[in-house]
Each structure stands twice: as structure tokens, then as C-alpha cells.
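# Structural overview
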Amino acid sequence: MELAPGINPEGLLGGTYSPDDGFASPLMSSTAFHQLAMKAGVDFFFNTRIDGISKAKDVVESFQAGGETWSAGLFVNAAGAEAADLASLANIDIPVFPDCHEAGVTEPVQRFMQPMIVDIRPDSESGNYYFYQAGTGQVIFCITPRPQIWGRDKDSTSAFLPLCSRRMLELYPRLRNLKVRRTWRGMYPMTPDGLPIVGYPEGAANFLQAVGMCGQGFMMGPGLGKILAESIVSGGNFEHPAGATPYGFVFDELACSRGFEHVELLK
Ligand SMILES: Cc1cc2nc3c(=O)[nH]c(=O)nc-3n(C[C@H](O)[C@H](O)[C@H](O)COP(=O)(O)OP(=O)(O)OC[C@H]3O[C@@H](n4cnc5c(N)ncnc54)[C@H](O)[C@@H]3O)c2cc1C
């Protein structure tokens, strides 16, 4: 109540608060990663789609993009919600499905709440929803539609704002005077068990999959990127995906060949 003054305590059974958590702007952090990568000598080819992959037996030899062919000893699939399409060019079946989610942002106002609030109660039209106030004052919010909406349609819908704002105002009435600046829609790269898929698949021994980040890819991406870079540098391969790093458990639990029988407990 102290951290989120004005929140409606009705039905509140308890909660957790994680004071060391933080947030970051995807725009600013992506720009920073881009600049650091450029300094390290990475080449970027924007607006260039991979539209073909050539294999010899179980090894990827090259890919085609923008009318050119690129060869390498190792390839990484990090194609987000399109990862299954990219893998299929190498005849690899990866269960990553585009799952539509919408978000919104309000005008900036003076800071009045500290934590990100996640209400895990589902109702008939939605699963959980969450909102937080950025250091710059805007409230950012998102809801999990129920049932999930599969597909690649990036157009915002007229249903999102009434649905999400109704639930937010029931929980936190003092948000009612905020003006919404914009909403947008994107896709979670979903897997059947809600966990990423990381490793070398059968049938393409040098095609590392770093896919299926679901709704946590911005948070997990930098850490997973570091682990994968270390595993590649230390000789990770089909037989020993982790290479000489201590991260074997990551690769075991997230392997392409796992059974996918677990279910996400908190959606
Ligand atoms: C509304 C919304 C809210 C979210 N909120 C959060 C959050 O609060 N925290 C969090 O951690 N995550 C959040 N996510 C999830 C997060 O955005 C994703 O998990 C993350 O972006 C996935 O990262 P990625 O690098 O795997 O894929 P992406 O960021 O999607 O990158 C994949 C890239 O591959 C490119 N590509 C695809 N196919 C090809 C091809 N054939 N050739 C060349 N390039 C190709 C694409 O153009 C794209 O640039 C949210 C997502 C949405 C939609």
C-alpha cells in the first residue's frame, strides 16, 4: 500500500516485492548494444531477409540473403517469432509460434508508484496483466489475452484498451485521469512449455537455435547472448552444446529435443 498508494486492497491475498529489480528502455539498450557491437567489428545488414539455406547432409553450408550467398562454420537462428520459418529453410522443425500481445503507454506524470504491479488473477477475457511507471513518468501496461491470439497481425485492436484499462482501474482507480498516448502490438515467440529453445538440433549440427524467448526475451536476451557467445568461443557443438563453460544445465533443460511436456505455471 505504501509503495503503490491508492491500490484497491479488495481480494488482495498477498504479494511479492523485489526492490532490486529494475527496468530498461528497449530502444536505448538496443541502440547501446548496436553501438558496442559496431565497435567490436560486427557488420549489420538491415532489411535483408534470409530466404534460403543450403545443407550438405546434416551440416548447414551457407544461406542466401539479398541475392548473396554467405558461408560460415556455424550459424545462429535468433529470428524471434519467425524462428520456425527460418529453421524450416534447413528442414528443421522448431516449435515456436507467434503469439500476439498488445501494450500501451500513457503520458508522463510525476512518479507516484514504485513497483511493477502484476495482477495474476485471470478473468473470462484475459489472463494476468501488469503495469509500471517508468522513471520518466509514463505508465506502461500489457495484458495476456484469453484465449491466446496466434498469428502475425501487428495491427493494434480496438479491444485491447477497454479490456486492459477496465482491469487496471478496478485495481488502481487513481490511474483514471491518465491519457493514453499510444498502443502497439507485437508477438511473443511462444514455445509449448513457455521456455526458450537453445541448442543444436538433430539434422543441422552447426545451426545453433537461440529461439522461443516467449514474453521474457528482452530480460533474458543479454544474459543468454553472453552464455551462447562463451559456449561458441569455447567450442560448443552438437555433442557438447555448452563447450567448456559451466552452463551445461542451461543447454540440457532448454534442448531442442526435450519433450515440451511442462506447462507454464504463471502466465
Ligand atoms: C507487447 C509486448 C510486451 C513485451 N514485454 C516484455 C517485457 O516486459 N520483458 C521482456 O523480457 N520481454 C517482453 N516481450 C517479449 C520480447 O519482446 C521478446 O521475447 C523478444 O523480443 C524476443 O527477442 P528475439 O531476439 O528472440 O527476437 P526479436 O527481437 O523478434 O528479433 C528477431 C529478429 O530476427 C529477424 N528475422 C526474422 N526472420 C528473419 C529472416 N528470415 N532473415 C533475417 N532476419 C530475420 C527479425 O526481423 C528480427 O529483427 C514483450 C513482447 C511484446 C509483443
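Residues numbered from 1 in each chain as written. Predicted model: local features only at pLDDT ≥ 70, side-chain atom pairs only at ≥ 80, totals over all residues. Heavy atoms only, no water.

## Notes on the sheet that holds strand β2 (residues 59-65)
- In spatial order, the strands read β1-β2-β3; together these three strands make up an open sheet with antiparallel pairing. The strands lining the two open edges of the sheet, one partner per strand, are β1 (50-56) and β3 (68-71). Along the sheet, successive strands turn relative to each other by an average axial angle of 25°, direction set aside.
- Pairing analysis gives four bridges linking β2 to β3, with the strands arranged antiparallel. Paired with A65 across the bridge in β3 is E68. (Pairing = 2+ DSSP bridges. Helix = DSSP H or I, 4+ residues; strand = E, 2+ residues; numbered from the N terminus. Axes fitted to C-alpha atoms, helices over the stretch in contact; angles between N-to-C directions.)

## Topic: the nonpolar core
- The biggest cluster of nonpolar side chains holds 18 residues, and the ones touching the most others in it are I117, F131, V139, M168, Y172 and L175.
- Among the secondary structure elements, those contributing two or more residues to this core are β7 (126-133), β8 (138-145) and α3 (160-171).
- When residues in this core are grouped by element, the largest group, five residues, is from α3.
- Of all hydrophobic cores here, the second largest spans 16 residues; its members include A87, I94, I197 and A204. (Core = buried A, V, L, I, M, F, W, Y, C linked by side-chain atoms within 4.5 Å. Buried < 20%, exposed > 50% of the residue type's maximum accessible area, 1.4 Å probe, protein only.)

## Re the pairing of strand β12 (residues 207-211)
- Counting buried positions over the five residues of β12 gives five, a clear majority of the element.
- Inspection of the sheet shows strand β4 (residues 75-77) paired to β12 by three bridges, in the parallel sense. Considered in β12, the bridge of F75 is made with F207.
- Bridge count between strand β11 (residues 197-199) and β12: three bridges; the pairing is antiparallel.

## A few points about the domain arrangement of the protein
- One can read the domain layout of the protein as domain 1 (48-96 + 194-253) and domain 2 (99-188).
- Averaged C-alpha coordinates put domain 1 and domain 2 at centres separated by 32 Å. (Domains from an automatic or database assignment.)

## Re the site of the ligand
- The ligand sits among 24 residues. The nearest are I50, C214, G215, G217 and M219.
- Between a nitrogen atom of the ligand and a main-chain N or O atom of G215, the distance comes to 3.0 Å.
- Between M219 and the ligand, the recorded distance is 2.7 Å, taken from a backbone N or O atom to an oxygen atom.
- Relative to its unbound accessible surface of 1000 Å², the ligand loses 64% to contact with the protein.
- Every element with two or more residues in the shell around the ligand is listed here: β5 (97-108), β10 (180-190) and α4 (217-233).
- In terms of residue count, the dominant contributor to the shell around the ligand is β10 (four residues).
- The residue makeup of the shell around the ligand, split by class, is 14 nonpolar, seven polar and three charged. (Near = heavy atom within 4 Å. Polar contact = N/O pair within 3.5 Å; in protein donor to acceptor, adjacent residues only side chain to side chain. Areas by Shrake-Rupley, 256 points an atom, 1.4 Å probe, with all protein chains shown as cover. Nonpolar A, V, L, I, M, F, W, Y, C, P; charged D, E, K, R; others polar.)

## Overview of the pattern of salt bridges
- Within this structure, the stated rule accounts for 11 salt bridges.
- The partner of E102 in a salt bridge is R185, with the nearest N and O atoms 4.0 Å apart. Here R185 lies in strand β10 and E102 lies in strand β5, a separation of 83 residues in the sequence. The burial state of E102 is the same as that of R185; both residues are buried.
- For R258, the salt bridge goes to D193, with nearest N and O atoms at 2.8 Å. Here the residue R258 occupies a position in the segment after α5 (248-253), and D193 occupies one in the loop between β10 and β11, the gap between them amounting to 65 residues.
- Looking at D193, the relative accessible area reads 3%, which means it is buried.
- One continuous salt-bridge network, built from bridges that share partners, spans D123, E125, R166, R167 and E170. (Salt bridge = Lys/Arg side-chain N within 4 Å of Asp/Glu carboxyl O.)

## Overview of the sheet that holds β4
- Strand order in the open sheet formed by three strands is β4-β12-β11, with mixed pairing between adjacent strands. Strands with a single pairing partner mark the edges of an open sheet, and in this sheet they are β4 and β11. Here the strands of the sheet are splayed against their neighbours by 25° on average, with no regard to which way each runs.

## So, the side chain of H101
- Mapped onto the secondary structure, H101 falls in strand β5.
- If we ignore the near neighbours within four places in the chain, the residues touching H101 are I143, T144, P145, W184, R185, G186 and Y188. (Contact = heavy atoms within 4.5 Å.)

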